[in-house]
Each structure stands twice: as C-alpha cells, then as structure tokens.
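# Overview (structure and organization)
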Amino acid sequence: VQLQACGGGLVQAGGSLRLACAASVSTFSNYFMGWFRQAPGKEREFVAGISGSGRSTDYADSVRGRSTISRDNAKSTVYLQLTSLKPEDTAVYYCTTTRTYGEVVIRTSTGANYWGQGTLVTVSS
C-alpha cells in the first residue's frame, strides 16, 4: 500500500487549504482513510477520518466545524478541506489507511496500518 499526500503549504491565519491523498490499494472503498497531524514537540494526533463507503466521518474537536473530509472512490483519493486556519494548526499532516469492514472510523494512530509521507501545513499569524 502506498499513500501520496499533497496540498500542504504556507497560509495566513483565516485562510484555507485542501489536502489530498492518493492511495494505491486494490479496492479503495474497502479502506478507512484518515488524517493525523504532528506539530513540533507534540504527539501525533487524529484530525479526521472517513469510512470506506464515505457514509461515516469523524473529526477532532479542534477542527470540527472548520474542516471537511471527503473521498472519491473512483479516484482512490481522500481530501481534507481546512478552513479558518489557525497558527495552532501548523503541523505535518499524514494520511493513513487501514483495511476495514463496515462503517469504521479509526481515531488512534495505533489502529492505522499504513501511512503516507506527510505534507507540511504552516499557518502564519
């Protein structure tokens, strides 16, 4: 399994970014997709996740209402739209995937099997 994330960059506070992650898996809809982030000196934390079907989503409280996760199963790609960005959103954002059964959204990094290389989001004040 390979994950290729992109879309990070430098943005001013209040701005928006859309991250994308393309996965090389046999049947994309069989895989949970998620985004985690890690800021300097901090542990990796859950940001958002979406079930294989796309019907179930979950968000960290810190980004709920400011972010939207979505997926295009025909393109094997997951997206994370981030809006109203804050300096505390600065981090490396990692996409992750795990083969799942049913409407599963994984919130723990230990539950995720495969990781992309990360894309840096920097929010300036």
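Below: a short report on this structure. (Residues numbered from 1 in each chain as written. Predicted model: local features only at pLDDT ≥ 70, side-chain atom pairs only at ≥ 80, totals over all residues. Heavy atoms only, no water.)

## Things to note about the overall build of the chain
- Helix and strand content of the chain: zero helices and 11 strands.
- Seen in sequence order, the chain has helices and strands lined up from the N terminus as β-β-β-β-β-β-β-β-β-β-β.
- For 125 residues, the compact-globule estimate of 2.2 N^0.38 gives 14 Å, and the chain sits close to it at 13 Å.
- If one aligns the C-alpha atoms of the chain with their principal axes, the spans along those axes are about 40 × 25 × 25 Å.
- Within the span of the chain, comprising 125 residues, buried residues form 46% of the whole.
- For the chain, the accessible area works out to roughly 6100 Å², and carbon and sulfur atoms hold 46% of it.
- In the chain, the 12 positive side-chain charges and the 8 negative ones have mean positions that sit 5 Å from each other. (Helix = DSSP H or I, 4+ residues; strand = E, 2+ residues; numbered from the N terminus. Rg over C-alpha atoms; globule rule 2.2 N^0.38 Å. Buried < 20%, exposed > 50% of the residue type's maximum accessible area, 1.4 Å probe, protein only. Areas by Shrake-Rupley, 256 points an atom, 1.4 Å probe, with all protein chains shown as cover. Lys, Arg positive; Asp, Glu negative; His and termini not counted. Charge placed at Lys NZ, Arg CZ, Asp CG, Glu CD.)

## A word on the nonpolar core
- If you look at the biggest cluster of nonpolar residues, it comprises 31 residues, and the most contacted ones within it are Cys 21, Met 33, Trp 35, Ile 69, Leu 80 and Tyr 93.
- Going through the elements one at a time, strand S1 (2-6), strand S3 (17-24), strand S4 (31-38), strand S5 (45-50), strand S8 (77-82), strand S9 (91-99) and strand S11 (119-124) are the ones with two or more residues in this core. (Core = buried A, V, L, I, M, F, W, Y, C linked by side-chain atoms within 4.5 Å.)

## Description of the packing of aromatic side chains
- Enumeration according to the criterion identifies two aromatic pairs in this entry.
- Ring centres 5.6 Å apart and planes at 75° place the aromatic pair Phe 36 and Phe 46 in the edge-to-face group. Here Phe 36, found in strand S4, pairs with Phe 46, found in strand S5; they are 10 residues apart in sequence, far enough to count as distant.
- By relative accessible area, which is 1% here, Phe 36 ends up buried.
- Ring plane angle 70° and centroid distance 5.2 Å describe the contact between Phe 36 and Trp 115, whose orientation is recorded as edge-to-face. Here Trp 115 lies in strand S10 (residues 114-115) and Phe 36 lies in strand S4, a separation of 79 residues in the sequence.
- Among the aromatic residues, those joined into a cluster by ring pairs are Phe 36, Phe 46 and Trp 115.
- Arg 44 extends its terminal NZ or CZ atom over the ring of Tyr 94, reaching a point 3.8 Å from the ring centre. (Phe/Tyr/Trp six-rings, centres within 6.5 Å; stacked < 30°, edge-to-face > 60°. Lys NZ or Arg CZ within 6 Å of the ring centre and 35° of its normal.)

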